[in-house]
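Okay, here's what each chain looks like letter by letter:
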Amino acid sequence: MPAKPKCYLTTPIYYTNGLPHIGHTYSTIVCDTIRRYKRMRGYDVVMTTGTDEHGVNVERAAKKAGVPESEFVAKMAAEWKALWDELGIPSDEFIRTTDLKHAHTVQWLFKLCRENGFVYPGHYTGQYCIYDNAYVDVKPGENCPDCGRPTETVTEANYFFKLSAFQKPLLNWYAKHPEFIQPESRRNEILSFVEGGLRDLSITRTSVRWGIPVPGEEPHVFYVWFDALTAYLSAVGGPNYEKQGYWPADVHIVGKDIIRFHTVYWPAFLMAAGLPIPKQVWAHGWFLMDAAKMSKSKGNVVTPRPIVGVLGMDALRYYLLRETVFGQDGNFSYDALVTRYNSDLANGLGNLASRTAAMIEKNSSGKIPKPAALQPQDNALAGQVQAAIGEVLEMYDNLSFSRALEEIWSLIAATDKYLTAEHPWSLGESEADQQRRSTILWVTAEVLRVVTALAHPILPDSTAKVWSLLGQGGQAASVALDGLRWGQLAPGTPLGKSQALFPRIEKAEAIERMESMENEPQKQPSPATPAAHASTPTAGGAAAAAAPAANEKIGIEDFAKVEMRVGQIKTAERIVGADKLLKLTVDIGTEIRQICAGIAQYYEPEKLIGRKVAVVVNLAPRKLRGVESNGMIVAASVGPEGRPVLAGFPDEDVEIGARLK
Ligand code: MSP
């Protein structure tokens, strides 16, 4: 058998100063989808993800946590890796920038660039954004133009990379490889950036300690982007990349925020070293919350576990890839997520699969029926399916995931319509009627088989279930898409076991469950165990930190971080569609705050007005059911059901704003 063609895909390697949210999950899901698709097209695929563990941010975060950097990043990297495993999207190679093999690759790349005359020593003074790990073009005192946060003036001795020497070679490369930067809009953006001229780039630091040392040049360590980008190469052999045969990468999947690093710096470093350039960089848009990029400081982060716990991983995959055109920004909304789940997954694919199986069970003793001669209406559907196969494969090739899903779902809609028109359930028991019914059921099952194979890269779990329901041997994943044709469904095949696909769910309840899990990280279920219960939001609905282990003590300084004050409830009302939450306004002495509290089932809103309560006032704001909550009301959690009882001050009429210590 000829060797399979190789294909190498990468996600960005993620910073370890935070944990994964939906935005990161999106990049990894996209990459995983391409991996599954390419495997079904006969490729030998390697997908890399990993963690970007060096830099000032990590130094600071580790210091704050009171642990050495190496310990801090090891714990974070393990959490990232564990999450990808849990979500069923593990990489084939997980690269950490603290891996020894990576350090060797970075040092080797630097040596090649230097030997070829593209590195020189110098000094640099500039405004540095520690959040983006980049010098930025602003005056001292001005904020970062990308993230809006304060910049710092940094002067240091460092090595420079002659990026300016690569303006022409890069422009030539873009011209010869128009597919290199995708989508088109990003390509234009990069072209005009490079045409505007390139400044040399400082690629080492003496102001940072936590990095890969530049051999013989200590205290120089590598600049994070020189370090991070090289991870793509370290993951597939580093200096010995030729032996493994995966380099250059077929596609680097990145967010639009880091396109410049990948399409300007990275190919320039590789050109300087005389190494092959990746074939493509594909920049997707952002998932926004209320039109802003998700970030912890804004309190608008959505993480994958609650969604997966309530709706399943396939629902998240479907929503992210269906809702926005790949390359454009999308707005994340729980409402739209559950709507898609119910309409497209439960009523669409799930319903077609279960009704098809039920009809075959009833009319054909659980075996795929034998069709008689196809009628024009059968052939029309068959033709639509056959045509869709080629179109969907092309859409996958172009990473047009939302269009591919639209096309696949149009087959489901056409089949529902076909069934309504042909109504096999009303046919009788005559020979002719039986034959007609068998034909209709075979046609329906055949569409379902093709739909299942086509949707598999995006919906791996549920399509695997439909595949075995249809009694198809092997795994859905092992279907060769190149050989997928209309008409391959063998009559007489016994159906497999029916498994729950997408049980319908009441929207308000699903949203409430996801939101309350989002706010109680310690209660987030593992995706392997679908959550059967809704967890009760904390009284304030704001994030409840994981409690320390039973025997662990905290210092007074830890307690002092929690700022609790006496507040007075000014207004209280129910929130439509959220039966556990009350929206309160609370006077905390210095201001009136809006706070959501999960006490609606136990307290009448009218009776709360004027009541004095204990409020945690320094929690990051959060949104609950779309309503901002800026603080937390303290309550005892009583009994097995955790009934909230508000903390109060019965001894005296305490002053509003007084601090609890
Ligand atoms: N460590 C660098 C990348 C180095 S690659 C050699 C980095 N890390 S990151 O943790 O900030 O992750 C950035 C990537 O996460 C983005 O490029 C994008 O792929 C993804 N996303 C982060 N937030 C996102 C959204 N809100 N929406 C979609 N994707 C986003 O940058």
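Residues numbered from 1 in each chain as written. Predicted model: local features only at pLDDT ≥ 70, side-chain atom pairs only at ≥ 80, totals over all residues. Heavy atoms only, no water.

Q: Outline the pairing of strand 1 (residues 6-15), listing residues and values.
A: A large share of strand 1 lies buried, amounting to eight of its 10 residues. Relative to strand 2 (residues 44-52), strand 1 runs parallel, the two sharing eight bridges. Within strand 2, the residue paired with Leu 9 across the bridge is Met 47. In this region the chain leaves strand 1, passes through helix 1 (residues 22-40) and returns to the parallel neighbour strand 2; the handedness of that crossover is right-handed. Pairing of strand 1 with strand 11 (residues 251-255), which is carried by two bridges, proceeds in the parallel orientation. Bridge pairing in strand 11 links Thr 10 to His 252. (Buried < 20%, exposed > 50% of the residue type's maximum accessible area, 1.4 Å probe, protein only. Helix = DSSP H or I, 4+ residues; strand = E, 2+ residues; numbered from the N terminus. Pairing = 2+ DSSP bridges. Right-handed = clockwise from strand over helix to strand, strands pointing away.)

Q: For the sheet that holds strand 15 (residues 330-331), give the residues involved together with the corresponding values.
A: One open sheet accounts for three strands, arranged 14-13-15; its pairing is mixed. Lying at the two open borders of the sheet, with one neighbouring strand each, are strand 14 (292-293) and strand 15. Summarising the sheet, strand 13 (residues 287-289) and strand 15 pair through two bridges and their orientation is parallel. Opposite Leu 288, over in strand 15, you have Asn 331 as the bridge partner.

Q: Please provide a residue-by-residue account of the site of the ligand, values included.
A: As a structural note, the neighbourhood of the ligand is formed by 23 residues, with Ile 13, Tyr 15, Ser 27, Asp 52 and Phe 287 the closest of them. The contact in question runs from an oxygen atom of the ligand to an N or O atom on the side chain of Asp 257, over 3.1 Å. Expressed as a share of its isolated accessible area of 660 Å², the protein-covered part of the ligand is 96%. Listed by contribution, the elements that provide at least two residues to the shell around the ligand are strand 1, helix 1, helix 7 (224-234) and strand 11. When the residues that make up the shell around the ligand are grouped by side-chain class, the tally is 12 nonpolar, eight polar and three charged. (Near = heavy atom within 4 Å. Polar contact = N/O pair within 3.5 Å; in protein donor to acceptor, adjacent residues only side chain to side chain. Areas by Shrake-Rupley, 256 points an atom, 1.4 Å probe, with all protein chains shown as cover. Nonpolar A, V, L, I, M, F, W, Y, C, P; charged D, E, K, R; others polar.)

Q: So, the sheet that holds strand 1: which residues are in play, and what are the values?
A: Pairing in this open sheet of six strands is parallel, and the strands run 3-2-1-11-12-7 from one edge to the other. The strands lining the two open edges of the sheet, one partner per strand, are strand 3 (93-96) and strand 7 (181-182). Where strand 7 meets strand 12 (residues 281-284), two bridges bridge the pair, whose relative direction is parallel. Opposite Ile 181, over in strand 12, you have Val 281 as the bridge partner.

Q: Now, about the domain arrangement of the protein chain: what can you tell me, with residues and values included?
A: Splitting the protein chain by domain gives domain 1 (6-298), domain 2 (333-483) and domain 3 (529-660). Spacing between the C-alpha centres of domain 1 and domain 3 amounts to 41 Å. (Domains from an automatic or database assignment.)

Q: Hey, could you go over helix 3 (residues 69-86) for me, with residue numbers and the actual values?
A: With 18 residues, helix 3 extends 26 Å from end C-alpha to end C-alpha; this agrees with the ideal 26 Å at 1.5 Å per step. If you check which residues of helix 3 are buried, you get Glu 69, Phe 72, Val 73, Met 76, Ala 77, Trp 80, Leu 83 and Trp 84. One side of helix 3 carries all its buried residues, which in axial view fall inside an arc of 125°. Here the buried face of helix 3 lies against strand 1, helix 1, strand 2, helix 2 (56-65), strand 3 and helix 10 (304-311). Count one or two residues on from helix 3 and you reach Gly 88, which has phi positive near 75°. (Expected span 1.5 Å × (residues − 1). Arc of directions from axis to C-beta. Contact = heavy atoms within 4.5 Å.)

Q: Outline the pattern of salt bridges, listing residues and values.
A: Taken as a whole and judged by the stated rule, the model has 36 salt bridges. As a salt-bridge pair, Arg 41 and Asp 482 come within 2.7 Å of each other at their nearest N and O atoms. In this pair, Arg 41 is assigned in the loop between helix 1 and strand 2 and Asp 482 in the loop between helix 16 (460-469) and helix 17 (507-519), connecting sequence segments 441 residues apart. Shared partners join several salt bridges into a network, and the residues in it are Asp 32, Arg 35, Arg 36, Arg 39, Asp 92 and Arg 317. (Salt bridge = Lys/Arg side-chain N within 4 Å of Asp/Glu carboxyl O.)

Q: Lay out the side chain of Glu 422 in plain terms, naming residues and giving numbers.
A: Relative to the helices and strands, Glu 422 is located in helix 14 (residues 401-422). Its relative accessible area of 15% is what places Glu 422 among the buried residues. A polar contact of 3.0 Å, which involves the side chain of Glu 422, links it to the side chain of Arg 436. When near neighbours in sequence (up to four residues on either side) are disregarded, Glu 422 contacts Gln 377, Arg 436 and Ile 440.

Q: Which residues make up the confidence of the model for the protein chain, and what are the values?
A: Of all residues in the protein chain, 94% have pLDDT values of 70 or greater, and the mean over the chain is 90. Note on residues 522-551: pLDDT under 50 across the span, and 70 contacts to partners over four residues away in sequence or across chains. (pLDDT = per-residue confidence, 0-100.)

Q: How would you explain the packing of helix 11 (residues 313-323) against helix 14 if you had to name every residue and give the values?
A: Interhelical geometry of helix 11 versus helix 14 gives an angle of 110° and a closest axis separation of 7 Å. Taken together, the axis directions place helix 11 and helix 14 in an arrangement best described as roughly perpendicular. Note on element contacts: helix 14 touches helix 11 through Phe 401, Ser 402, Leu 405, Glu 406 and Trp 409, opposite Tyr 318, Leu 321 and Arg 322. Of the residues belonging to the contact of helix 11 with helix 14, the class tally is five nonpolar, one polar and two charged. (Axes fitted to C-alpha atoms, helices over the stretch in contact; angles between N-to-C directions. Parallel < 35°, antiparallel > 145°, perpendicular 65-115°, else oblique.)

Q: Tell me about the nonpolar core, and please be specific about residues and values.
A: Ranked by internal contacts, the top residues of the largest apolar core, which has 106 residues, are Phe 332 and Trp 409. Ranked by the residues each element gives to this core, the list is headed by helix 12 (residues 334-363), at 13 residues. When residues of this core are assigned to domains, at least three map to each of domain 1 (6-298) and domain 2 (333-483). Once you skip the residues sitting within four places of it in the chain, Phe 332 turns out to touch Ile 22, Phe 287, Leu 288, Met 289, Met 294, Val 302, Ile 307, Tyr 319 and Leu 337. Residues Val 46, Trp 266, Ile 277 and Val 281 belong to the second largest nonpolar core, which totals 70 residues. (Core = buried A, V, L, I, M, F, W, Y, C linked by side-chain atoms within 4.5 Å.)

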